[in-house]
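# Secondary and tertiary structure notes
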Amino acid sequence: MTSENTHAVAVAPETDWDAQAAAFDDEPDHGLRDPAVRAAWADRLRAWLPGQPADVLDLGCGTGSLSLLVVEQGHRVTGVDRSPAMAERARAKLAGRAEILCGDAVAPPVERRRFDVVLVRHVLWALPDPAGVLRHWRGLLRPGGRFVLIEGVWGTLAPVGIPAARLTALLAPLTGDVRVERLSDDSVLWGKDVDDERYAVIAAV
Ligand SMILES: C[S@@+](CC[C@H](N)C(=O)[O-])C[C@H]1O[C@@H](n2cnc3c(N)ncnc32)[C@H](O)[C@@H]1O
């Protein structure tokens, strides 16, 4: 599937994330245990995030691997995950260095707080109404804020995900500058060669 395929939107299978939590970090790009993989994600995040300390909302934060990298770069992180088991692991990983909330990323339980960055990796594609969700998340950003969305289309026989072209079309009415960075060619990020569509979108509001 290519990024030109704007109509191929997969419906996510219902995944039991609590059941996935214990083994989630075994994947190289999840646990970031390999120093080379970890450094590759740290370098990308440094380029995508503001140069000054910022308030970052990591939605669907999973076990908190990206949240930890972001905290290590001097930012203040709030993580949200609907799975209690994932949130518990994130709390353990962050060890008090970030606030981890258990709740729905569709309507994060952050009350009236606003953020400089909405960071989401591998979550948006599986939500039932990405357009509506992006509109809500746009309202959580301060003026001058940005989206950092890392998504893709996985698999070849029965691909699932959201193509970059569709995501950028959804962001167009909500944001100003939208930049797509292709991640498929950087095998270090994934701990292996990949040939499906993987990308980050950095969109300023
Ligand atoms: C593929 S994992 C990605 C985790 C993390 N973003 C990362 O990149 O390591 C998807 C995560 O999103 C969470 N999730 C899925 N739907 C959610 C929702 N509606 N609200 C909050 N979290 C959700 C799952 O519990 C799981 O932890």
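Above this text is the structure in question.
Quick summary incoming for the structure in this document. Because the structure is a prediction, the values reported are computed rather than measured. (Residues numbered from 1 in each chain as written. Predicted model: local features only at pLDDT ≥ 70, side-chain atom pairs only at ≥ 80, totals over all residues.)

### Some details on the environment of Thr63
Our working rule: Each helix is a run of H or I in the DSSP string that is no shorter than four residues. Each strand is a run of E no shorter than two, and both are numbered from the N terminus. With C-beta atoms placed from the backbone, the exposure class of a residue follows from how many other C-beta atoms lie within 10 Å of its own: 20 or more, buried; 12 or fewer, exposed; in between, partly exposed. C-beta atoms are placed from the backbone for every residue, and two residues are taken to be in contact when these atoms lie within 7 Å.
By the element assignment, Thr63 lies in the loop between strand S1 (55-59) and helix H4 (65-72). Given 28 C-beta atoms within a 10 Å radius, Thr63 is considered buried. Between the alpha carbons of Thr63 and Arg38 there is a distance of 14 Å; along the sequence they are 25 residues apart. Every residue in contact with Thr63, bar those within four places of it in the chain, is listed here: Ala21, Phe24, Asp25, His30, Met86, Arg89, Ala90 and Lys93.

### Here's the deal with the nonpolar core
Where we set the bar: Note on terminology: a nonpolar core is any set of buried Ala, Val, Leu, Ile, Met, Phe, Trp, Tyr and Cys residues joined through C-beta atoms within 7 Å.
Core analysis: the biggest nonpolar cluster contains 51 residues, and Val70, Val118, Leu119, Leu149 and Val201 have the highest contact counts within it. If one sorts the elements of this core by residue count, strand S5 (residues 141-154) sits on top with six residues. Other than its neighbours up to four places away in sequence, Val118 contacts Leu57, Leu59, Trp137, Leu140, Leu141 and Phe147.

### A word on helix H5 (residues 84-94)
Quick note on the threshold: Throughout, the arc means the angular range of directions from the helix axis out to the C-beta atoms.
Inspection of H5 places Met86, Ala87, Arg89, Ala90 and Lys93 among the buried residues, and these make up the whole buried set. Projected down its long axis, H5 carries its buried residues within an arc of 160°, all on one side. Along H5, exposed side chains directed more than 90 degrees from the buried face belong to Pro84 and Ala92. On its buried face, H5 is in contact with helix H1 (17-24), H4, strand S2 (76-81) and strand S3 (99-102). Of the residues one or two after H5, Ala95 is the one with positive phi, at around 45°.

### Here we look at the environment of Asp129
For Asp129, the location among the structural elements is in the loop between strand S4 (115-121) and helix H6 (130-138). The class of Asp129 is exposed, set by 10 C-beta atoms lying within 10 Å. Expressed as a C-alpha distance, the spacing of Asp129 and Ala54, which sit 75 residues apart in the sequence, is 28 Å.

### Structural notes on unusual backbone geometry
Backbone geometry places Glu111, a non-glycine residue, at a positive phi of 55°. Residue position: Glu111 is located in the loop between S3 and S4. Phi is positive for His122, close to 60°, though the residue is something other than glycine. Structurally, the position occupied by His122 is in the loop between S4 and H6. By C-beta crowding, His122 is classed as partly exposed, having 18 other C-beta atoms within 10 Å.

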